[in-house]
Every structure is written in structure tokens, then in C-alpha cells.
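# Reading the structure
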Amino acid sequence: MDLKQAATERFDAVEAELRDISHWMYHNPEIAFEEHNTSARLVEFLRAQSFEVEYPSFGLDTAFAARAGSEGPEVVICAEYDALPEVGHACGHNIIATAALGAGVALVGAASELGFRIRVQGTPAEEAYGGKVDLINNGAFKGAALSMMIHPSPTDVVDPNFLGVAHVDVEFTGKESHAAFAPQLGINALDAAVQAYVNISTLRQALYPTDKVHGVIDYGGGAPNVIPAFTKMSWYVRAATKDRLDELYARVVACFAAAAAATGCSYEVKSRGHTYTDLISDPLLVDLYLHNSEKLGRPMGRGADGDPSAAGSTDMGNVSHEVPAIHPMVGIESDPWVNHQKEFASATILPPGDAAIRDGALAMAHTVIDVAAANRWDELCTID
Ligand SMILES: [Zn+2]
Ligand SMILES: [Zn+2]
């Protein structure tokens, strides 16, 4: 039998169970680094499918590495499964995880026939922190031939635009005082936070459309009649390239410094989690995925045809700087809702969400089969 047909049949045998797992995840969301029940459930499935599972793996409690195949180049399929605070699986990582499981199961026969290895790699904490950067640092992608994952979205795009992002907190410290009786003795840390917000809002007119700076005040003071002595803000700084991100980051920090100087506060900048890089989509994998997805009845758009500023960020970008990779966005007909809205979470368990698991898993599996069957491993892009 044709290897792609055989892979499809292996997927067919587990599709109903994968749907159940996706829906269960929707009802039981766990946020970054708290994905204990979720990772356990994914591991249980992979063990039942005869994968050799290391759990925890690569130094993270909620990461796992599920392996099949004994020799040849290693293909790493990434499974994300963290949810968002308050809005649950509003980024659809329940679809990512189950599509990764499905691709892994689909590829087991081809791996032994064609001589390659599969690893379904559980990658915690994508929505915050950047778990994949720890995994990279702990060797999870060392020597891998390629890596891939799919991500649900409103539309189908094989090589989406992603921005680099740095997560930065700033704390302002002043001096408390009675706000009416002795305000002249106070140094107002809320004024510093407000100034910082206004400085950055003013900076925005000088930004490229692909530069993004957005933040919140986490703590703005305790009582109206006490001049706030301490405030804390969290910011994300995004840009299309690492160099631009470094430049922009420095300008944001200058906004904090100016606010501190104007108000007499001291300030401290604290980086939070890892910096995510832009995403490099491997051209051969993009071509093969496009072809395979189209054959499954799902034609894909191209990132270059879209608005480059309509982009988020992903730690899969960092992986793409280590090994040849793709991260296609698979549409779930969520319109008008988009990722990170609670209505998007609801859409992940409707039939178009279930279809994304199937099409994403099969397009990934068929793409790997194309590379392995024609021995095209050497044509994947070289990473410096
Ligand atoms: Zn997200
Ligand atoms: Zn996401």
C-alpha cells in the first residue's frame, strides 16, 4: 500500500480519540507550566500507541518526549498544550497537541519502512515564558533533521509572519506620604508608571507597523490617600528582526528611565522569560506542506500575501533558528473571532476545529513521508 495511504489509515484509527482529547483539553485548560493533567493525558495516549515516552523530559516537569523508530534522521513534531489565563484554550493549543499526536501515530509505519525516527515533543509554556527555549538549551533539538507543528487560526497560511518578542517588567519605587496632609513629602510611583505609559504611547508614532509595544499596570498603588511608593508594569516589545527588537527595546527602556527621572523615582527593569525570535519557514517543507494540504482539500495562503504587521510571536521561532522548521496556521472558520478571544476557544471544538486536527496531522505526516521517501533530507535549509 502507498505509504501516505497507510499513514492516513493509521490516523483514521485514532481520530475519534484525538477529538475526545482535544475537547477534554478545552474543558480542562491549564496555563503555562501548570499543564500537569494535560501532559499526563497526552503521555497516556502515546504510551498506549507504543511510543517510548520520557516524561518529564529535557528538564521541564510538564514536557515529554515520545519516540518511535530506531534509526535514521530524527523528525521532531512539537505539541503545545498550555492555555491562557481567563480565556482557556483561546489559542487552540488543544488542536496543536492532538494534531501532533495524530501526525506521530500516522508516521510510525513509514518510519520503520523508510528509516527515520519520530519524536512527538511536548513543549510547555508557549503563551508565557518560552518553554521551547529551555528545551533548546537542554538539547531537545540537537541533531534533529527537522521540526514542525501546526497552529489553529482564522485562516490557512503555510508560512505565517511572526515577530520577535521580549517580555519586560518595570518597577518604580518612590516614597509614600499622606496624599492630602503632606503630598510634598511623597514621591509618586504611580505618576512614574503613567508617565512611562504616555512616553511609550508617544513613541508609537515613530514605529514601523511591525513594531509593537503593549503593556499593563500590574500594581498601581494601594489607597487613594497614600501616595503610591511602588508600582509595577508588564510590557511586551515586538519587532520583525532581532536587530530591530534590540533597538526598540532600548527605546522602551529609555521611556521608563525618563519617567523615573521626571518623577524622582528609581526604577528597575526585569526581563521575564525568554526572548522569542522571528520564524524562518523552511522552503522545501513549505512547498511540500502546501502540496499535501491542497491534496487534502485545504489550499493554503502564503505569509508574503498577508499583512506583515498582523502577526503574533511564537517560541517555535527560536526552534526555526536551530533546525529546519515549519509552523503552518490551519483555519478553523472562527471568523469574526481571532486567537485569544474566548469565542475562538469555543470554535476549537466545533467541526471545523476537529477538521484542523485531521488536516494538520495528515499534511505534516505526508510532508515527512515526501522528504523521507525521496531522501531529500540534504535539501532542507542549512541553519548557521
Ligand atoms: Zn497564543
Ligand atoms: Zn498559540
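Here the structure is shown first, and the text comes after it.
Cut-off values and rules
- Residues numbered from 1 in each chain as written.
- Chains lettered and ligands numbered in written order.
- Predicted model: local features only at pLDDT ≥ 70, side-chain atom pairs only at ≥ 80, totals over all residues.
- Heavy atoms only, no water.
- Axes fitted to C-alpha atoms, helices over the stretch in contact; angles between N-to-C directions.
- Helix = DSSP H or I, 4+ residues; strand = E, 2+ residues; numbered from the N terminus.
- Parallel < 35°, antiparallel > 145°, perpendicular 65-115°, else oblique.
- Left-handed = near helix turned anticlockwise from the far one by under 90°.
- Contact = heavy atoms within 4.5 Å.
- Donors = N, O, S within 2.8 Å, 3.2 Å for Na, K, Ca; no water.
- Tetrahedral: all angles 85-135°; square planar, octahedral: opposite > 155°, others 65-115°.
- Buried < 20%, exposed > 50% of the residue type's maximum accessible area, 1.4 Å probe, protein only.
- Core = buried A, V, L, I, M, F, W, Y, C linked by side-chain atoms within 4.5 Å.
- Salt bridge = Lys/Arg side-chain N within 4 Å of Asp/Glu carboxyl O.
- Pairing = 2+ DSSP bridges.

Across the interface, helix 2 (residues 36–48) lies against helix 3 (residues 93–114) with an axial gap of 11 Å and an inter-helix angle of 15°. Accordingly, the angle class assigned to the pair helix 2 and helix 3 is roughly parallel. In the packing of helix 2 onto helix 3, the handedness of the crossing is right-handed. Contacts between helix 2 and helix 3 involve Leu 42, Phe 45 and Leu 46 from the first element and Ala 97, Leu 101 and Val 105 from the second.

Only Cys 91 (SG), Glu 127 (OE), Glu 127 (OE) and His 340 (NE2) from the protein coordinate the zinc ion (ligand 1), and they sit 2.0 to 2.7 Å from it. Geometry at the zinc ion (ligand 1) is irregular, judged from the four donor atoms that bind it and their angles of 52 to 144° at the metal. Mapped onto the sequence, the donors of the zinc ion (ligand 1) take the spacing C-x35-E-x212-H. In this structure, the zinc ion (ligand 1) lies 3.1 Å from the zinc ion (ligand 2), and both are coordinated by Cys 91. Separated by 213 residues along the polypeptide, Glu 127 in the loop between strand 4 (117–122) and helix 4 (131–137) and His 340 in the loop between strand 12 (329–331) and helix 9 (342–347) bring together distant segments of the chain. Overall, the relative accessible area of 15% leaves Glu 127 in the buried class. We classify His 340 as partly exposed; its relative accessible area is 41%.

Below, the discussion takes up the nonpolar core. Generally speaking, nonpolar side chains in soluble globular proteins are found buried as a group. Ranked by internal contacts, the top residues of the largest apolar core, which has 64 residues, are Leu 46, Phe 64, Ile 77, Phe 116, Val 120, Tyr 289 and Trp 377. Apart from the residues lying within four places of it in its own chain, the contact partners of Phe 116 are Gly 69, Glu 71, Gly 72, Pro 73, Val 75, Leu 107, Ala 110, Ala 111, Val 368, Ala 372 and Trp 377. By size, the runner-up hydrophobic cluster in this structure holds 24 residues, among which are Val 170, Ala 196, Phe 256 and Ala 259.

According to the stated counting rule, one finds 21 salt bridges in the structure shown. Residue Arg 302 pairs with Asp 159 through a salt bridge whose shortest N-O separation is 2.8 Å. Linking Arg 302 in the loop between helix 7 (283–295) and helix 8 (316–320) with Asp 159 in the loop between strand 6 (151–153) and strand 7 (164–173), this pair joins segments that are 143 residues apart in sequence. Overall, Asp 159 belongs to the buried group, its relative accessible area being 14%.

For the rest of this paragraph, the subject is the side chain of His 274. Looking at the secondary structure, you find His 274 in the loop between strand 10 (266–271) and helix 7. Residue classification places His 274 among the buried residues on the basis of a relative accessible area of 19%. Residues contacting His 274, with those up to four places away along its chain left out, are Tyr 129, Gly 130, Val 133, Asp 134, Asn 137, Val 165 and His 167.

Taking strand neighbours across the sheet as the criterion, the four strands line up as 8-9-7-10 in an open arrangement whose pairing is antiparallel. Edge positions in the sheet fall to strand 8 (212–219) and strand 10, since each has one partner strand and no second. Taken over all neighbouring pairs, the strand axes of this sheet differ in orientation by 20° on average, direction set aside. Running over the sheet, helix 5 (residues 189–203) touches strand 7, strand 8 and strand 9 (230–239) and is turned about 15° from strand 9.

This part covers the coordination of the zinc ion (ligand 2). Around the zinc ion (ligand 2), the protein contributes the donor atoms Cys 91 (SG), His 93 (NE2) and His 151 (NE2), at 2.1 to 2.4 Å from the metal centre. Positions of the donor residues of the zinc ion (ligand 2), expressed as sequence spacing, correspond to C-x1-H-x57-H.

As a further point, take the pairing of strand 2 (residues 65–68). One ladder, built from three bridges, connects strand 1 (residues 52–54) with strand 2; its direction is antiparallel. Of the residues in strand 2, the one forming a bridge with Val 53 is Ala 66. As paired elements, strand 2 and strand 4 share four bridges and run antiparallel to each other. When the bridges of strand 4 are listed, Ala 68 appears paired with Ile 118.

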